[in-house]
Amino acid sequence: MSKLSVTQTQTVMQVQNPLPAHIGFVMDGNGRWATGRNKKRSEGHKAGVKNMQAVVEHCFALGIGCVSVFAFSTENWERPVEEREGLFDLVREYLKRLLGDVNKLKKDNIKIEFMGDLSPFAEQHQDILDGIGEVRQACADCDGGVFNIAINYGGRQEIVAAANNAVLIGKQLSQQDFEKLLYTKRCPPLDMMVRTGGQMRLSNFMLYQVAYAELFFEETLWPDFDKQKLDEVLKKFAQRQRNFGKV
């Protein structure tokens, strides 16, 4: 029996264990991860960003075409100023890291998008907006996958914004036309949503897109949710029967 190539092996694995075309992550538990280790909550958020990069890269390596992560919600403005500004500093660092190696960014061929209402950053965080613009420009021609980073994002806010844009168009829209007004217009339907940290709620993340997604609520805190744990969840996903309302 001839030995399969790496590509052939991956193809066989995907047939046996179908992968989601689009997966979303609510990356919960960073603060609790840090306090449980007698560290500042900011250390937990740093560990969370590092783990995010590893998990997202693993998703694309497996062949998942679109990954969306919940980085900062519209409700997170209510957090203590020190923690909130620390999160913004992590965004700055991440943007600088991406722009520090533009060649790698283009080689990876992943389009990076930022979904959410970015207008509030214009008042005090213009540098973040500038960095986002530079990253978008650097990977504008990439078409090997889409990485959505949700910043100042809320599912209700997204739906209301899309509805308001629909009103401006001035005619009734089909479901397909309406979905083109959402932040995820470049992505296939959401197949799978994973929330770490033990909480069992969506917390206003991708409320429209989650309609027929398979939901997984994991006890593991986000910084400890490694590639192996993702593979275990993907295996569970492959075992679920998805009927989409049919028998």
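Look up a bit, the structure's there.
Residues numbered from 1 in each chain as written. Predicted model: local features only at pLDDT ≥ 70, side-chain atom pairs only at ≥ 80, totals over all residues. Heavy atoms only, no water.

## Regarding the overall build of the protein chain
In terms of regular secondary structure, the protein chain is built from ten helices and six strands. Its C-alpha atoms give the protein chain a radius of gyration of 19 Å, near enough to 18 Å, the size a compact globule of 247 residues would have. Its C-alpha atoms put the protein chain at 65 × 55 × 40 Å along the principal axes. The buried share among the 247 residues of the protein chain stands at 43%. (Helix = DSSP H or I, 4+ residues; strand = E, 2+ residues; numbered from the N terminus. Rg over C-alpha atoms; globule rule 2.2 N^0.38 Å. Buried < 20%, exposed > 50% of the residue type's maximum accessible area, 1.4 Å probe, protein only.)

## So, the sheet that holds strand β6 (residues 214–217)
The sheet built from six strands is open, its strands ordered β3-β4-β2-β1-β5-β6 with parallel pairing. In this open sheet, the two strands that pair with only one neighbour each are β3 (111–115) and β6. Averaged over all adjacent pairs, the angle separating strand axes in this sheet is 20 degrees, with direction ignored. Sheet topology places strand β1 (residues 22–26) next to strand β2 (residues 66–73); five bridges connect them, and they run parallel. (Pairing = 2+ DSSP bridges. Axes fitted to C-alpha atoms, helices over the stretch in contact; angles between N-to-C directions.)

## Observations regarding the pairing of β6
Every second residue of β6 is oriented toward a common face, the buried set being E214 and F216 and the non-buried set L215 and F217. Bridging between strand β5 (residues 192–195) and β6 involves four bridges; their strand directions are parallel. Of the residues in β6, the one forming a bridge with M193 is L215.

## Considering the state of the cysteines
Tallied over the entire structure, the rule returns one disulfide. Each sulfur of the disulfide joining C66 and C187 lies 2.0 Å from the other. Because the torsion about its S-S bond is 65 degrees, the bridge between C66 and C187 counts as right-handed. Of this pair, C66 sits in strand β2 while C187 sits in the loop between α9 (175–179) and β5, placing them 121 residues apart in sequence. An identical accessibility class is assigned to C66 and C187; each is buried. Of the cysteine sulfurs around C139, a residue in no disulfide, the closest is that of C142, at 5.2 Å. (Disulfide = S-S within 2.5 Å.)

## Focus on the nonpolar core
Counting residues in hydrophobic clusters, the biggest one holds 44 residues, and the most contacted among them are F25, V67 and F147. With seven residues, the single largest contributor to this core is helix α4 (residues 81–100). In this structure F25 touches V55, C59, V67, S68, V69, F70, V194, F205, W222, F225 and L230, once residues within four positions along its chain are discounted. If you look at the next biggest cluster of nonpolar residues, it comprises eleven residues, including M115, A150, F205 and M206. (Core = buried A, V, L, I, M, F, W, Y, C linked by side-chain atoms within 4.5 Å. Contact = heavy atoms within 4.5 Å.)

## Remarks on helix α10 (residues 227–239)
With 13 residues, α10 should reach 18 Å at 1.5 Å per residue; the first-to-last C-alpha distance of 19 Å fits that figure. Buried residues of α10: L230, V233, L234, F237 and A238, and no others. Across the axial projection of α10, the buried residues extend over an arc of 145 degrees, all falling on one side. Along α10, the residues that are exposed and aim more than 90 degrees away from the buried face are Q228, K235 and Q239. Residues of α10 that are buried sit in contact with β1, α3 (41–62), β5 and β6. (Expected span 1.5 Å × (residues − 1). Arc of directions from axis to C-beta.)

## Thoughts on the packing of α3 against α4
At a minimum axis separation of 10 Å, α3 and α4 run at an interaxial angle of 30 degrees. Relative to α4, the element α3 is oriented roughly parallel. α3 and α4 meet at a crossing whose hand is right-handed. Residues R41, H45, K46, V49, M52 and Q53 of α3 pack against E83, L87, L90, Y94 and R97 of α4. Class assignment for the residues of the contact of α3 with α4 results in five nonpolar, two polar and four charged. (Parallel < 35°, antiparallel > 145°, perpendicular 65-115°, else oblique. Left-handed = near helix turned anticlockwise from the far one by under 90°. Nonpolar A, V, L, I, M, F, W, Y, C, P; charged D, E, K, R; others polar.)

## Concerning the packing of α3 against α10
Relative orientation of the contacting elements α3 and α10 amounts to 50 degrees, with a least axis distance of 10 Å. Comparing the axis directions of α3 and α10 gives the class oblique. Like other packed secondary-structure pairs, α3 and α10 cross with a definite hand, here right-handed. The residues of α10 that touch α3, namely those facing A54, V55, H58, C59 and L62, are K227, L230, D231 and L234. For the contact of α3 with α10, the per-class residue count stands at six nonpolar, one polar and two charged.

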